[in-house]
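Inside the fold
The residues making up each chain are set out below.
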Amino acid sequence: MKILLDTAEVDYIKRMQRAYPIDGITTNPTLLVKAQRQGLDVLKEILAVIGPEKMLHVQVLSTHAHEMIGEAEYLANTLAGNVYIKIPVIAEGFAAITSLHERGIKVTATAVFTAQQALMAAKAGADFVAPYVNRLDAIAGDGVKLVADIVHIFTTYRLKTEVLAASFKNVGQVHHVCLAGAHAATISKEVFQSLTYHPLTDWSVEQFIADWEKFYGKGVGMRGIIH
């Protein structure tokens, strides 16, 4: 299971990469605008932080296939790293995915809301498909079931495309797409903060320290008792 951060905050990425085994970063136009800086500069900075092996997913803005292809080629040639171009699964997007796959440019099909969109994107040559879990839940759909259905279809027909689940409101949704067999999940800053937290973990650590200090004294660590 690959874990990616859905953010364009460079300082946050630096902190999280130092602490956690992150597999990459996903961005979109909205996240890049929030950075309040030139978007290409932000993307280059992110790549400098994560290195050449980890993934960076970058979305195009055009809605016509030839323009999407032009944007994708520019991004792929300008950004030195493990870059995936995010193409929305609109009609023109499928044509762009096919062409980019033929040109050897890695693609993530994004804004996926049905299993059939995912299937068609996979057949067009997408490396990843990104179903939106919470956005579907918000309109009385079932985002986790969508992920499970896509995984089942890809497994049944032995498709190489991987499922990159996206759009989460809580850790429970992340947990359930893991159980559904998603290959990857991209997680916002807000949800990621809760991903590894449990109050009993903090309580346990505090209890260990309290018991230790009753015997050895406050501030005495393990190295302090070695003679």
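See the structure above.
Okay, so let's go over this structure. Source: prediction; values computed, not measured. (Residues numbered from 1 in each chain as written. Predicted model: local features only at pLDDT ≥ 70, side-chain atom pairs only at ≥ 80, totals over all residues. Heavy atoms only, no water.)

**Observations regarding the overall build of the chain**
The helix and strand inventory of the chain stands at 11 helices and eight strands. Its C-alpha atoms put the chain at 70 × 35 × 30 Å along the principal axes. A total of 227 residues make up the chain; the buried ones form 43% of that total. Partitioning the intrachain contacts of the chain with sequence separation of at least 6 by distance along the chain shows that 56% fall at a separation of at least 24. Looking at the chain as shown, the accessible area adds up to about 12,400 Å², and 56% of this sits on carbon and sulfur atoms. In the chain, the 21 positive side-chain charges and the 22 negative ones have mean positions that sit 3 Å from each other. (Helix = DSSP H or I, 4+ residues; strand = E, 2+ residues; numbered from the N terminus. Buried < 20%, exposed > 50% of the residue type's maximum accessible area, 1.4 Å probe, protein only. Contact = heavy atoms within 4.5 Å. Areas by Shrake-Rupley, 256 points an atom, 1.4 Å probe, with all protein chains shown as cover. Lys, Arg positive; Asp, Glu negative; His and termini not counted. Charge placed at Lys NZ, Arg CZ, Asp CG, Glu CD.)

**Concerning the pairing of strand E3 (residues 55-59)**
Counting buried residues in E3 gives four out of five residues, a clear majority hidden from the surface. Bridge count between strand E2 (residues 24-26) and E3: three bridges; the pairing is parallel. Of the residues in E3, the one forming a bridge with Gly-24 is Met-55. Read as a crossover between parallel neighbours, the route from E3 over helix H4 (residues 65-78) to strand E4 (residues 82-88) is right-handed. (Pairing = 2+ DSSP bridges. Right-handed = clockwise from strand over helix to strand, strands pointing away.)

**A few points about the sheet that holds E4**
Ordered by their spatial adjacency, eight strands build a closed barrel running E1-E2-E3-E4-E5-E6-E7-E8, and the pairing between neighbours is parallel. Each strand of the sheet is rotated relative to its neighbour by a mean of 25°, with strand direction disregarded. Relative to strand E8 (residues 184-187), strand E7 (residues 162-165) runs parallel, the two sharing two bridges. Note on E8: the bridge partner recorded for Leu-164 is Ala-184. Along the sheet face, helix H5 (residues 91-102) touches E4 and strand E5 (107-112) and points at about 155° away from the line of E4. (Axes fitted to C-alpha atoms, helices over the stretch in contact; angles between N-to-C directions.)

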